[in-house]
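Letter by letter, the chains look like this.
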Amino acid sequence: MIALSAVLGGAAGGAAGVLVPAMLFDVSGRTATESVKDAVGQEGSVDRADQNVVAVVERVLPSVVSIDIVQKTEEAPTFRSGFPIGPISIGGGTGFFISEDGLVVTNRHVISDPDAEYIVITQVGEEYSATVLALDPAMDLGVLKVEASTDRDGQPFPALELGDSDALKPGQTVIAIGNALAEFQNSVTKGIVSGLNRNLVAGEFGREELIEEAIQTDAAINPGNSGGPLLTLDGKVVGMNTAITDGAQSLGFALPSNALFRAVESVRAYGRIVRPWIGVRYVPVDEEIAESEELPNDYGALVLGGPNDPGVMPDSPAEKAGLRERDLILEIDGERIGVNRSLTAIVARLLPGETVTLKVWRDGSEMQIPLILEERPSE
């Protein structure tokens, strides 16, 4: 079971946090945090690797925010002991500033409730109402805009820089930051890149998300971490923490930053997230599928629908280009479609309006079919 890593509670069913944070003291009366700070401040107590991590965390923490999901205020107030208690928090997640004027990116499943309001809370406790600016029709990605252009001191919001997720290597050290359990703001964990290009379906709370080209990491990702950054040791964002596994240890997944970059640029250009599409339902082909369907190749995308779901969608670019049910799409502009590079992943890197050439196997022969990509409908 792959679970989306948001926390829903209150009216959504269950408390948002089950742990109560406590302040610990040592015998001298100092807090545990103060004692640790004294200890690590001693010469030789922190090695160079730890110093690098601490420096990165200190630099990026102001950019990471908690997102509080609350019941809309126009609904009837909830009463307790005869007194109204106002809006109720029904969940939480994480996000981070991607622009100095207050754009915040997070997961779509964190901000997809049209009947909720969203409050962005910064590291120093400043709260800002935020509106949903865009939801990605293809990825578990969304963009909020805080209702301010600067912080309370008139300073630009501290935006994080996106790195190149295509340059990641297995074994590389990464840092995850998030609002763990919607209770412990800016929790920091460290791990490595455990795998790349993972394709999975994550689901929870009655929704499912297809996650392609995901980064797998053993840095602890907990409920509430959804939308938080996954960072390299130079402080650049290479992923967005998105999903965790149930029944396994140290298996977390993040959306790649390059996909995030394309979405943010689209919002800046069009005010929404624009994705291209072909308009086919398909089955990824491997050796097993090739044998069972008697196909000549053990790679590609087999156009295949169901009783009520046609393989080629009406009025889609695929229909206009003449694609048919049971066509086997082998390549797009010379790039082979395979297990680690799906049809969806290749198309996601292109733009609406581009003309691509599909290499297709049909009825015993190969052919080249030109197709003009269009904007993917929000549905």
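In case you missed it, the structure is sitting above this.
What you see is a predicted model, and the numbers here were worked out from it, not measured in a lab. (Residues numbered from 1 in each chain as written. Predicted model: local features only at pLDDT ≥ 70, side-chain atom pairs only at ≥ 80, totals over all residues. Heavy atoms only, no water.)

### Some details on the overall build of the chain
Helices and strands together make up the secondary structure of the chain, namely six helices and 24 strands. Taking all 379 residues of the chain together, the buried fraction comes to 45%. Within the chain, contacts between residues at least 6 apart in sequence are counted, and of these 63% link residues at least 24 apart. Element-wise, carbon and sulfur atoms account for 50% of the exposed surface of the chain, whose accessible area totals about 18,600 Å². (Helix = DSSP H or I, 4+ residues; strand = E, 2+ residues; numbered from the N terminus. Buried < 20%, exposed > 50% of the residue type's maximum accessible area, 1.4 Å probe, protein only. Contact = heavy atoms within 4.5 Å. Areas by Shrake-Rupley, 256 points an atom, 1.4 Å probe, with all protein chains shown as cover.)

### Regarding the nonpolar core
Counting 33 residues, the largest nonpolar core has F96, V105, V143, I177, I211, M240 and L260 as its most contacted members. Here this core gets five residues from one element, more than from any other, and that element is helix 3 (residues 257-270). Counting 20 residues, the second-largest nonpolar core is a separate cluster that includes I278, L323, I337 and L371. (Core = buried A, V, L, I, M, F, W, Y, C linked by side-chain atoms within 4.5 Å.)

### Brief notes about the packing of aromatic side chains
The relative placement of two aromatic rings is captured by the distance of their centres and the angle of their planes. On inspection of all chains with the given rule, the structure shows two aromatic pairs. Here F97 and F157 contribute two aromatic rings whose centre-to-centre distance is 4.6 Å and whose plane-to-plane angle is 20 degrees, an arrangement assigned as stacked. Here the residue F97 occupies a position in strand 6 (residues 89-97), and F157 occupies one in the loop between strand 10 (142-146) and strand 11 (173-180), the gap between them amounting to 60 residues. Of the two residues examined, F97 and F157, each falls in the buried class. Taking the relative accessible area as the measure of exposure, F157 reaches 2% and is therefore buried. Here the basic side chain of R336 rests over the ring of Y299, its NZ or CZ set 3.8 Å away from the ring centre. (Phe/Tyr/Trp six-rings, centres within 6.5 Å; stacked < 30°, edge-to-face > 60°. Lys NZ or Arg CZ within 6 Å of the ring centre and 35° of its normal.)

### A few points about unusual backbone geometry
Phi at E213 takes a positive value of approximately 55 degrees, unusual for a residue other than glycine. For E213, the position within the fold is in strand 13 (residues 207-217). Positive phi, close to 75 degrees, is recorded for R326, a residue that is not glycine. Among the secondary structure elements, R326 is positioned in the loop between helix 5 (317-321) and strand 20 (328-332). Owing to a relative accessible area of 38%, R326 belongs among the partly exposed residues under this scheme.

### Quick word on the environment of G125
With respect to the helices, strands and loops of the structure, G125 is situated in the loop between strand 8 (116-121) and strand 9 (127-135). For the pair formed by G125 and S66, sequence separation is 59 residues and the distance between their alpha carbons is 9.6 Å.

### Quick notes on the side chain of D151
Inspection of the secondary structure puts D151 in the loop between strand 10 and strand 11. In this structure, D151 is buried with no salt-bridge partner, the nearest side chain bearing the opposite charge being R152 at 8.0 Å. In contact with D151, other than residues within four places in its own chain, are E126, Y128, P156 and F157. (Lys, Arg positive; Asp, Glu negative; His and termini not counted. Salt bridge = Lys/Arg side-chain N within 4 Å of Asp/Glu carboxyl O.)

### Considering helix 2 (residues 48-60)
A turn of α-helix holds 3.6 residues, and therefore any two residues three or four places apart point the same way. With 13 residues, helix 2 ought to run about 18 Å at 1.5 Å a step, and its terminal C-alpha atoms sit 19 Å apart, in line with that. Taken as a whole, helix 2 has its buried residues at V53, V56, V57 and V60. Relative to the axis of helix 2, the buried residues are bounded by an arc of 95 degrees and lie together on one face. In helix 2, the exposed positions angled more than 90 degrees off the buried face are occupied by R48 and E58. (Expected span 1.5 Å × (residues − 1). Arc of directions from axis to C-beta.)

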